[in-house]
Amino acid sequence: MSKILFEGKGYKILYKERGEDSEKIAPSGMSVLSRLDVPVPGVIAVADSGKRIRIIDKKYYLVCQGNLDPNEGSMEDLLFHDSRSNRTFPVKRMRKGVKEARLSYKVISFNKERDLSYVEVTLDTGRTHQIRTQFSSRKHPLAGDGKYGSRIKCPIALVCGEITFDEGEGTKPNQIKINPEEELSLS
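Residues numbered from 1 in each chain as written. Predicted model: local features only at pLDDT ≥ 70, side-chain atom pairs only at ≥ 80, totals over all residues. Heavy atoms only, no water.

Quick word on the overall build of the protein chain
If you tally the helices and strands in the protein chain, you get 2 helices and 11 strands. Listing the helices and strands of the protein chain from first to last along the sequence gives β-β-α-β-β-β-β-β-β-β-α-β-β. For the protein chain, the C-alpha radius of gyration of 17 Å lies close to 16 Å, the compact-globule estimate for 187 residues. Counting only C-alpha atoms and orienting by the principal axes, one finds that the protein chain spans roughly 45 × 40 × 30 Å. Expressed as a percentage of the 187 residues in the protein chain, the buried residues total 47%. When contacts within the protein chain are restricted to residue pairs at least 6 apart in sequence, long-range pairs at least 24 apart make up 56% of them. Accessible surface computed for the protein chain: about 10200 Å², of which carbon and sulfur atoms make up 46%. (Helix = DSSP H or I, 4+ residues; strand = E, 2+ residues; numbered from the N terminus. Rg over C-alpha atoms; globule rule 2.2 N^0.38 Å. Buried < 20%, exposed > 50% of the residue type's maximum accessible area, 1.4 Å probe, protein only. Contact = heavy atoms within 4.5 Å. Areas by Shrake-Rupley, 256 points an atom, 1.4 Å probe, with all protein chains shown as cover.)

Re the side chain of Thr-88
Position of Thr-88 relative to the elements: it lies in strand E7 (residues 87–91). There is a polar contact of 2.8 Å between the side chain of Thr-88 and the side chain of His-81. Beyond its immediate chain neighbours, meaning those up to four positions away, Thr-88 contacts Leu-79, Phe-80, His-81, Thr-128, His-129, Thr-133 and Tyr-148. (Polar contact = N/O pair within 3.5 Å; in protein donor to acceptor, adjacent residues only side chain to side chain.)

Some points on the nonpolar core
Counting residues in each nonpolar core, the largest one holds 45 residues, and the members touching the most others are Leu-62, Val-119, Val-121, Ile-131 and Phe-135. When contributions to this core are tallied by element, the ones reaching two or more residues are strand E2 (11–16), strand E3 (30–32), strand E4 (42–48), strand E5 (54–65), strand E8 (98–111), strand E9 (116–123), helix H2 (130–136) and strand E10 (158–166). Not counting the four nearest positions on each side in its chain, Val-119 is found in contact with Tyr-60, Tyr-61, Leu-62, Cys-64, Leu-68, Tyr-105, Lys-106, Val-107, Ile-108 and Phe-135. (Core = buried A, V, L, I, M, F, W, Y, C linked by side-chain atoms within 4.5 Å.)

Some thoughts on the pairing of E5
Of the pairings in the sheet, the one linking E5 to E10 comprises 8 bridges and is antiparallel in character. Note on E10: the bridge partner recorded for Leu-62 is Leu-158. (Pairing = 2+ DSSP bridges.)

Brief notes about the pairing of E7
When strand E6 (residues 72–82) meets E7, the two strands line up antiparallel, connected through 5 bridges. Paired with Leu-79 across the two strands is Pro-90, which belongs to E7. Counting the residues in the hairpin turn of E6 and E7 gives 4 residues, including Asn-86, whose phi is positive at 50 degrees.

Considerations on the pattern of salt bridges
Counted under the stated rule, the structure contains 11 salt bridges. Ionic pairing is found between Arg-132 and Asp-37, a salt bridge with its closest N-O pair at 3.0 Å. Within this pair, whereas Arg-132 is found in helix H2, its partner Asp-37 is found in the loop between E3 and E4, the two being separated by 95 residues in sequence. Assessed through its relative accessible area of 5%, Arg-132 is described here as buried. For Asp-37, a relative accessible area of 23% puts it in the partly exposed group. Where Asp-145 meets Arg-132, a salt bridge forms, and the shortest distance between an N and an O atom there is 2.8 Å. Taken together, the residues span a long stretch of sequence, with Asp-145 in the loop between H2 and E10 and Arg-132 in helix H2 at a distance of 13 residues. Each member of the pair, Asp-145 as well as Arg-132, is classed as buried. (Salt bridge = Lys/Arg side-chain N within 4 Å of Asp/Glu carboxyl O.)

Structural data, given as structure tokens:
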């Protein structure tokens, strides 16, 4: 069940549980400003239709297979989302339905014994299944993400752990964080 992490005038920052639909947990009359895939837990923002907060930054945390090299960098791709199969694919050229996707990542730690990397990600764009697709296409699928090539049996190891926002130009930024490691357990 989702819970309120922070409440402002006309908006709320919520914690979305794994398996919940971002659209369905928004209180009546509120729009979802930051969505997460159904199997992904984390911090989301909702607001009254007349109120808009400005999301400045979101940080995601994940566990992926393999050792990322380099251990800090960016990924840029052209992505196409096939709504029939609900899968996103990297493609080589721009065409109808293709969107640019960019993210930055930093490896926090690497477990050599299990061949798993714990990674922090910042999105420059927000595309459907973007993080899952970009890591998988580089042979580093997220642990538990069978749709995109993982053979590890666990919930998808991805969580939105932090959101920074303000109430408009010139207002003080707020940052809401959760402990992502609680959701990234591989047991």
